Structure formats: structure tokens, C-alpha cells
Amino acid sequence: MPLLTTKQIMEIIPHRQPFLLIDTIEELEPGIKAVAVKNVSYNEPYFAGHFPNEPVMPGVLIIEAMAQAGAVAILSRPEHKGKTAYFAGINGAKFKKKVLPGDVLTLELEIIKEKGPIGIGKGTAKVNGTLAASAELTFAIGNGE
């Protein structure tokens, strides 16, 4: 049983279909860490063109899914309710394994540094426990306007 459903995630972050890239939150420590799950379906809109004969989830969308998990973590803090977490940087992104239709992607992001509205999270994306991608993400908290 997930800790947060898709509907509950949408109460925390502003993303909506087709750009909401996480389905559930399995673990959450507000302001510290979140673990999310994305069930990768063959029906994802990006598979029509990436690639028609060999569908692969784009790496940038894996990073975005990782960031959305982190956004749930940081925006779960009461003082950030109703705000938006924006990308401010991506460092050290590495892609180790293709993510394919039918995969269950587990996304973990831990906030490792914060100063005012700026912070850094360390993230991983795994399929069946095997690392698919990792990155360090910098975010900025905005008013959501």
C-alpha cells in the first residue's frame, strides 16, 4: 500500500498528466527524502517517437521523475505548502540502464543541502534494484506563480 497516491501527490506538486511522472510515494520524510514509483507503460506518449521500433524512456524524463520525487519531499514541509520547486541545475547525471515499457522505476531523492530557497538533492532511479540513473539536482523554491 503506497504512502501517497497519485491524487495525493497532485495535492503537493503542480504537475499533471501527461507530465506527472510519478505514480505513488512509498516513503516520505518531509524536507529530507522521498521514494517514488513510476510504472512505465507502453502507452506513455513519448514512446511514439522515442523510439518507434525500440521504446526507451528518455533520460531527461527519468531525471524529471527523480526531481518530482524530490519536489514531494521538499514541498511536504508546511512552510512550502502551495509553492513550486524549480530546476536550478543538474550535475553528474549518469545513465546506466535502459528503462523500458513494463519496468517499475523506483526513484529516490534525498535533500543533502539547503540554504534559503535553494537546495541540492542526490537522486537515483532503479529498476528491480539495478541502478538505471543517478544525478545531483539543484532546486529553487518559488511561490508557484
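What you are looking at is a predicted structure, and each value in this text was computed from that prediction instead of being measured.

Conventions adopted
Residues numbered from 1 in each chain as written. Predicted model: local features only at pLDDT ≥ 70, side-chain atom pairs only at ≥ 80, totals over all residues. Heavy atoms only, no water. Pairing = 2+ DSSP bridges. Helix = DSSP H or I, 4+ residues; strand = E, 2+ residues; numbered from the N terminus. Phe/Tyr/Trp six-rings, centres within 6.5 Å; stacked < 30°, edge-to-face > 60°. Buried < 20%, exposed > 50% of the residue type's maximum accessible area, 1.4 Å probe, protein only. Core = buried A, V, L, I, M, F, W, Y, C linked by side-chain atoms within 4.5 Å. Contact = heavy atoms within 4.5 Å. Salt bridge = Lys/Arg side-chain N within 4 Å of Asp/Glu carboxyl O. Polar contact = N/O pair within 3.5 Å; in protein donor to acceptor, adjacent residues only side chain to side chain. Expected span 1.5 Å × (residues − 1). Axes fitted to C-alpha atoms, helices over the stretch in contact; angles between N-to-C directions.

Moving on, we come to the pairing of strand β1 (residues 24–29). Bridge analysis of β1 against strand β2 (residues 33–39) gives 5 bridges, and the strand direction is antiparallel. Bridging from a neighbouring strand, Leu 28 pairs with Ala 34 of β2. Between β1 and the antiparallel strand that follows it, β2, lie 3 residues; Gly 31 among them carries a positive phi value of about 80 degrees.

For the rest of this paragraph, the subject is the packing of aromatic side chains. Using the criterion set out here, one finds 2 aromatic pairs in the structure. Ring centres of Tyr 42 and Phe 47 lie 6.4 Å apart, and the angle between their planes is 20 degrees; on these two criteria the pair is classed as stacked. Accessibility expressed as a relative area gives 53% for Tyr 42, which makes it exposed. Where Tyr 46 meets Phe 47, the ring centres are 4.7 Å apart and the plane angle is 65 degrees; that geometry is what we call edge-to-face. Taken as a pair, Tyr 46 and Phe 47 share a single burial class, namely buried. Of the aromatic side chains, those joined through ring pairs into one cluster are Tyr 42, Tyr 46 and Phe 47.

Take the nonpolar core next. Ranked by size, the top nonpolar core spans 37 residues in total, and within it Ile 22, Met 57, Met 66, Leu 105 and Leu 107 carry the most contacts. Those elements that place two or more of their residues in this core are α2 (59–75), β4 (104–115), β5 (118–127) and β6 (130–142). Examining the composition of this core, we find that 11 residues originate from one element, α2, more than from any other. Here Ile 22 is in contact with Ile 9, Ile 13, Ala 36, Val 37, Lys 38, Ala 65, Gln 68, Ala 69, Val 72 and Leu 107, once residues within four sequence places are set aside.

The next subject is the pattern of salt bridges. Summed over the entire model, instances satisfying the criterion amount to 6 salt bridges. Taking the shortest distance from any N to any O, the salt bridge between Lys 33 and Glu 108 comes out at 3.5 Å. Placement of the pair is Lys 33 in strand β2 and Glu 108 in strand β4, with a sequence separation of 75 residues. The partly exposed category is assigned to Glu 108, whose relative accessible area is 29%. Glu 54 serves as the salt-bridge partner of Lys 98, at 2.4 Å between the closest nitrogen and oxygen. Remark: Glu 54 occurs in the loop between β2 and α2 and Lys 98 occurs in the loop between β3 (84–95) and β4; sequence separation between them is 44 residues. A residue is classified by how much of its surface remains accessible, and Glu 54, at 39% relative accessible area, is partly exposed. Here the salt bridges do not stand alone but share partners, grouping Glu 27, Lys 33 and Glu 108 into one network.

Moving on, we get to the environment of Lys 98. For Lys 98, a relative accessible area of 45% gives the class partly exposed. In the structure, Lys 98 is positioned 36 residues away from Ile 62 in sequence and 10 Å away in space, judged by C-alpha atoms. If we skip the residues at most four places from it in the chain, Lys 98 touches Glu 54, Val 56 and Asp 103. In this structure the side chain of Lys 98 is engaged in a polar contact, spanning 2.4 Å, whose partner is the side chain of Glu 54.

With 17 residues, α2 ought to run about 24 Å at 1.5 Å a step, and its terminal C-alpha atoms sit 24 Å apart, in line with that. When you tally the buried positions in α2, you get 15 out of 17 residues, the bulk of the element.

Pairing is antiparallel across the open sheet formed by 6 strands, whose spatial order is β1-β2-β4-β5-β6-β3. The outermost strands of the open sheet, each flanked by one partner alone, are β1 and β3. Mean inter-strand twist for the sheet, computed between neighbouring axes without regard to direction, equals 20 degrees. Two elements, β5 and β6, share 10 bridges in a ladder whose sense is antiparallel. Counterpart to Thr 124 in the pairing with β6 is Ser 134. Of the strands in this sheet, β1, β2, β3, β4, β5 and β6 touch α2, which is tilted by about 55 degrees from β6.

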